[in-house]
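# Structure assessment
Here are the chains, one letter per residue:
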Amino acid sequence: MSHYVEGDLGWLARRRLELHAEECIDCGRGIRAVRALVRVLHGTANRPAAPAPAGIFDLVRAEASRARGDEDRPHGA
Amino acid sequence: MSPRAAARTERELVARAQAGEVAAFEELVGLHADRLFAVVLRLVGDRVEAEDVVQESLLRAWRGIGRFQARSMFFTWLYRIALNEANRALEKRGRAGRSVPVDDEAVQLAAPAHEGPARQAEHEELRQALELAIASLAPPYRTALVLRDVEGLSTREAAGIVGIGEAAFKSRLHQARLKVRDALGDAALLAGTS
């Protein structure tokens, strides 16, 4: 069903499943449930859980600053 | 900004970062930082740990930016580094015998404001159940679900980040959806999204 929802099935397999799902309550419900799950999960994508904290570059800045310090230091110091 | 202009800006920022300009690196990463943090938070489930993972990932990216070649998109490359770091953190936690916690902000479903209290409560229940179901997935399945279904990346992009073929990725995604569907139950899914 996940492959069906992804659009990965060929035309024939897709049509067969659709015809079967019209008759089979469980499969029809299963397809709707997978679609609903994907819709719910997609719905969270445009709402980032939380903005990135301000400190995410701290390690990069510290390393870059150390590297600059090494370059600025007189040779032999 | 048009996609072409955005790509040009990204190329310029990459070149400047490769020349050692920290500000350019920060600007480049800044384009993706919120989404990156969100993905890592959904994978590790804890804000403090997510921040540590992102910091460490960015340090690795900074050290490796000279080796980045534009064969892939910058964000794909960055996500791959972050995913490796998150997996390392999860392995470490697994060795310590701790499970993935559930962060309240890891999954947010927007309940329309016009809904009544009963519907809002139903929505909140579904959100909590979804958080638990995602947190209880093994890391490879959680990663597939988060990248493809939550972040909305294409199968190709997500498979590239994980480092497996598209067919294998789809199989993993299929398994992850089945597990979450089983955990939530069809009735809850259909009622919560109707």
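We now turn to the structure provided with this report. (Residues numbered from 1 in each chain as written. Chains lettered and ligands numbered in written order. Predicted model: local features only at pLDDT ≥ 70, side-chain atom pairs only at ≥ 80, totals over all residues. Heavy atoms only, no water.)

Of regular secondary structure, chain B possesses ten helices and zero strands. The secondary structure elements of chain B, listed N-terminal to C-terminal, are α-α-α-α-α-α-α-α-α-α. Counting over 194 residues, chain B shows a buried share of 47%. If you sum the accessible surface of chain B, you get close to 9,400 Å²; carbon and sulfur atoms cover 50% of it. (Helix = DSSP H or I, 4+ residues; strand = E, 2+ residues; numbered from the N terminus. Buried < 20%, exposed > 50% of the residue type's maximum accessible area, 1.4 Å probe, protein only. Areas by Shrake-Rupley, 256 points an atom, 1.4 Å probe, with all protein chains shown as cover.)

Taken together, the contacts link 36 residues of chain A with 47 residues of chain B. Buried area between chain A and chain B, both sides added, is near 3,800 Å², and the carbon and sulfur share of it is 63%. Along the contact surface separating chain A from chain B lie three salt bridges. Of the charged contacts, one joins B:Glu26 and A:Arg61 as a salt bridge, the two residues approaching to 2.7 Å between their closest N and O atoms. Taken together, the links from chain A to chain B amount to six residue pairs in polar contact (both at pLDDT 80 or more). When contributions to the side of chain A that touches chain B are tallied by element, the ones reaching two or more residues are α1 (2–6), α3 (25–43) and α4 (58–72) of chain A. No other element matches the twelve residues that α3(A) contributes to the side of chain A that touches chain B. Among the residues making up the side of chain A that touches chain B, the classes are represented as 20 nonpolar, six polar and ten charged. (Contact = heavy atoms within 4.5 Å. Buried area = accessible area lost by both parts, 1.4 Å probe. Salt bridge = Lys/Arg side-chain N within 4 Å of Asp/Glu carboxyl O. Polar contact = N/O pair within 3.5 Å; in protein donor to acceptor, adjacent residues only side chain to side chain. Nonpolar A, V, L, I, M, F, W, Y, C, P; charged D, E, K, R; others polar.)

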